[in-house]
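Read off the chains here:
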Amino acid sequence: MADQTHVLFVEDDDVIREATQLALERDGFAVTAMPDGLSGLESFRADRPEIALLDVMLPGLDGVSLCRRIRDESTVPVIMLSARADSIDVVLGLEAGADDYVTKPFDGAVLVARIRAVLRRFGHAGGDGRAEPGGAGTGGVLTFGDLEVDTDGMEVRRAGRPVALTPTEMRLLLEFSSAPGTVLSRDKLLERVWDYGWGGDTRVVDVHVQRLRTKIGQDRIETVRGFGYKLKA
């Protein structure tokens, strides 16, 4: 297991849980599968997996609440699994701290691709949970009013106080801070931050921008209606 990426998979449907676990293991992942939210939380705390896949509808402790509990303790990447693409549960999961979601029923190859995309942007070779800057930023400390972005140390301060960001939020901020005043479309952000080489759900971007705003200041990122977002210089 030391040489494999450890996946926590929490799903109450026995058939889906067993089939998905087998598919992920065939692709080289080490999988711990749990049938409900409470056992999933216990497994997370005991095993510290490198990524968590959580079904939204779980007995005992639902997936959104489980995601929130995990996010309170860790920046480990979380992908939510939802039965309906238009469900409010998708947005609730993202607001709870999930990094992405996949709609059921899903193709095994698509799920693996999304897992690997999340792990790449989290810098997981060994699962240290740090974001890699990619093409954003040129190093050093960038200052925008009372906001400081240290692109070398991967740290953010607002009015001199540390701001705790998830790796996805950090990558999003790095993209904005690399081109302050430039409008970045949702599709461009999906490509650069979420590693989507195909069309994705822009709700993922919108929810993460809103989460980032609550941490660095609501007015720091401006919405340009019909085009996207930009960081105020």
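Just so it is clear, the structure is predicted and the values come from calculations on it, not from any experiment. (Residues numbered from 1 in each chain as written. Predicted model: local features only at pLDDT ≥ 70, side-chain atom pairs only at ≥ 80, totals over all residues. Heavy atoms only, no water.)

Engineer: Any chance you could break down the sheet that holds strand β9 (residues 161-162) for me, citing the residues and the numbers?
Structural biologist: Read from one edge of the open sheet, 4 strands run β6-β7-β8-β9, paired in antiparallel fashion. The open sheet terminates on both sides in strands that have one partner only, identified here as β6 (141-144) and β9. Strand direction decides the pairing type here: strand β7 (residues 147-150) and strand β8 (residues 155-158), joined by 4 bridges, are antiparallel. Directly across from Asp150, in β8, lies its bridge partner Glu155. (Pairing = 2+ DSSP bridges. Helix = DSSP H or I, 4+ residues; strand = E, 2+ residues; numbered from the N terminus.)

Engineer: Report on the nonpolar core, specifying residues and quantitative values.
Structural biologist: Residues Leu54, Met80 and Phe176 are the most contacted members of the largest nonpolar core, which totals 49 residues. Look past the residues within four positions of Phe176 in its chain and what remains in contact with it is Leu184, Leu189, Val209, Leu212, Ile221, Tyr229, Lys230 and Leu231. One finds Leu24, Leu53, Leu81 and Val102 within the second-largest nonpolar core, a separate group that totals 16 residues. (Core = buried A, V, L, I, M, F, W, Y, C linked by side-chain atoms within 4.5 Å. Buried < 20%, exposed > 50% of the residue type's maximum accessible area, 1.4 Å probe, protein only. Contact = heavy atoms within 4.5 Å.)

Engineer: Describe the packing of helix α6 (residues 167-177) against helix α7 (residues 186-193), and please don't skip the residues or the numbers.
Structural biologist: Interhelical geometry of α6 versus α7 gives an angle of 125° and a closest axis separation of 10 Å. Relative to α7, the element α6 lies oblique. Seen from above, α6 lies across α7 with right-handed handedness. Here Thr168, Arg171, Leu172, Glu175 and Phe176 of α6 lie close against α7, whose contacting residues are Leu189, Arg192 and Val193. Residues of the contact of α6 with α7, tallied by class, amount to 4 nonpolar, 1 polar and 3 charged. (Axes fitted to C-alpha atoms, helices over the stretch in contact; angles between N-to-C directions. Parallel < 35°, antiparallel > 145°, perpendicular 65-115°, else oblique. Left-handed = near helix turned anticlockwise from the far one by under 90°. Nonpolar A, V, L, I, M, F, W, Y, C, P; charged D, E, K, R; others polar.)

These figures come from the coordinates and say nothing about function on their own.
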